[in-house]
Amino acid sequence: MLFQTLESLGHEEVVFCHNKDAGLKAIIAIHNTVLGPALGGLRMWPYGSEQEALEDVLRLSRGMTYKAAVAGLNLGGGKAVIIGDPAKDKSEVLFRAFGRFVNSLNGRYITAEDVGIDVNDMEYVLKETEFVTGVHQVHGGSGDPSPFTAYGTLQGLLASLSRKFGNEEVGKYSYAVQGVGHVGFEFCKLLREHGAKVFVSDINQKAVERAVDELGCVAVPPEDIYDCEVDVFSPCALGATINEKTLPRLKAKIICGAANNQLADDETGFEVERRGILYAPDYAVNAGGLMNVSIEFDGYNRERAMRMMRTIYYNVTKIFQIAARDGIPTFKAADRMAEERIAAVGRLKLPHMGNVPPRFLGRVRGV
Ligand code: NAD
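In this text the structure is predicted, and so the values were computed from the model without any measurement.

**Thoughts on the domain arrangement of the protein chain**
By a frequent convention, interface size equals the accessible area lost on bringing the separate parts together. Each assigned domain of the protein chain is listed here: domain 1 (2-62 + 76-132) and domain 2 (146-342). Spacing between the C-alpha centres of domain 1 and domain 2 amounts to 28 Å. A class-by-class count of the residues in the side of domain 1 that touches domain 2 yields 5 nonpolar, 1 polar and 1 charged.

**Here we look at the nonpolar core**
Buried together is how nonpolar side chains tend to be arranged in soluble globular proteins. Among the nonpolar cores identified, the biggest contains 96 residues, and Ile28, Phe98, Leu157, Tyr175, Val177 and Leu191 are the most heavily contacted of them. Residue contributions to this core peak at 8 residues, all from helix α5 (residues 146-165). Looking at this core, you find at least three residues from each of domain 1 (2-62 + 76-132) and domain 2 (146-342). Here Tyr175 is in contact with Leu157, Leu161, Val170, Leu191, Ala196, Lys197, Val198, Phe199, Val230 and Val232, once residues within four sequence places are set aside.

**Quick look at the sheet that holds strand β1 (residues 13-19)**
Taken in spatial order, the 5 strands of this open sheet run β1-β2-β4-β3-β5, and their pairing is mixed. With one partner strand each, in any of the chains shown, β1 and β5 (109-113) form the two edges of the open sheet. If you compare each strand with its neighbour and ignore which way they point, the axes differ by 25° on average. With 6 bridges connecting them, strand β2 (residues 24-32) and strand β4 (residues 76-83) associate as antiparallel partners. The partner of Ala26 across the bridge, within β4, is Ile82. On top of the sheet, helix α3 (residues 92-104) reaches β1, β2, β3 (38-45), β4 and β5; it is set at about 30° to β2, its chief contact. Across the sheet, helix α4 (residues 119-128) touches β3 and β5, and the angle it forms with β5 is around 150°.

Conventions we followed
Residues numbered from 1 in each chain as written. Predicted model: local features only at pLDDT ≥ 70, side-chain atom pairs only at ≥ 80, totals over all residues. Heavy atoms only, no water. Domains from an automatic or database assignment. Nonpolar A, V, L, I, M, F, W, Y, C, P; charged D, E, K, R; others polar. Core = buried A, V, L, I, M, F, W, Y, C linked by side-chain atoms within 4.5 Å. Buried < 20%, exposed > 50% of the residue type's maximum accessible area, 1.4 Å probe, protein only. Helix = DSSP H or I, 4+ residues; strand = E, 2+ residues; numbered from the N terminus. Contact = heavy atoms within 4.5 Å. Pairing = 2+ DSSP bridges. Axes fitted to C-alpha atoms, helices over the stretch in contact; angles between N-to-C directions.

What follows is the structure in C-alpha cells.
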C-alpha cells in the first residue's frame, strides 16, 4: 500500500526517524533529486495519527519539487515532519536527534524552517549537521523571508497585470488582500507605495489595524473580502480559500497572492479559467522564500536575493505562455513547466553534483 502511494506520487525515498530517548518520531520524505538535493522545511505538528503525518509529508515534499523546478533552482523537493506539539514537546535533544538523521542522508535532504519551527530550533539541528538553511543571520542565514516573498509576489503581479491588462501600472488597479500577516503586510506596503487602493481582511484585528494605520489600507470584515469590487484578489492567509463557495463571489480579474495551495481542488482551478479570471499559480508566485534560503549556500547576499526574486516575473510569464500554447489552465501549466524542466535536465544523464552548493560539496561527495 505504501509503495503504491510512493509510486503514484513519484517519491524516491522516505525515512522514518525514531529515537526513544529524545522522544523523536519524524518522517523525512525525499520526492525528487533530479535537479539537485531535496530542500524543504521541517514542520512540527500534533498530528492526529501517523497516517496523517505521512500524508502531509508526502504531499508537501512533492510540492517542493514543483516549486523549485519552476523557480529555476538546482534543487529537488523534500520535506520533514516531527510528530509532536511545538508548544510542549520541543527540546535540544529532539532537534539534535533529528539533525543526526538529516546528516545521515549526506546532503540528499537539506532542511529548513516550516510551521511550528523557529530559528532557535534550527540552532540545535545545526549542531549535528551542515545541511540546514534558514538559520540565524550570525551563521550566514538569510533571516525572515517574508519581505522577499512579498517582493516576489509583486513580480508575479506585474506579469499578471501585463498579461491581463497589457500594462504594469500597479497603482492604477485595486486590490483585496486576504491576510495581513508577515507576507501580506509587506505586500500591501509595496502596493501602497505604488499608490494602489488596497482592501484588507484578517481574523486578527490587530493586524488589520496596523495595515490601516501604517499603510492606509481599507479594512473589510474577513467574510466580506470576497465581495470587494476590485481588480485583483490576493490570498495571503491560509490555503483553499478559493473554492466553490467563494469563487462565484469574486469580482476580480486576477488572482495573485502568496498563500500556499490557494485553490481548494482542481475543479476550482478549471472554474477559475472558465470565468475568465487569470490565476497566477501560487507556488510560482511565492517562491521567494525558497529562493532566499537557496542563496545561503554560497554566502548570503541580499542584492543577489532581490535579483533572483525578479525572475519570478519571467517564470509566471512563461507559465501563461505554456497555458496558451497547450490550451490548459494556468495551474496545470505550472505543473507542466516543472515536469518539462525536470525531464529535460534528467535526460542530460549527468551527475548533478556540480550543482551542489560549495559549502556542502565535501559532505555530498564524501571527501
Ligand atoms: P502569517 O501567519 O504571518 O500570516 C497569515 C495571516 O493570515 C495571519 O495574520 C492570520 O491571522 C491571517 N488569517 C488566517 N485565516 C484568515 C482568514 N480566514 N481571513 C483573513 N485572514 C486570515 O503567515 P505568512 O508567513 O504571512 O504566510 C502567509 C501565507 O503565505 C501562508 O499560506 C504561507 O504558507 C505562504 N507563504 C509564506 C512565505 C513566507 O515567506 N512567509 C513563503 C511562501 C509562502
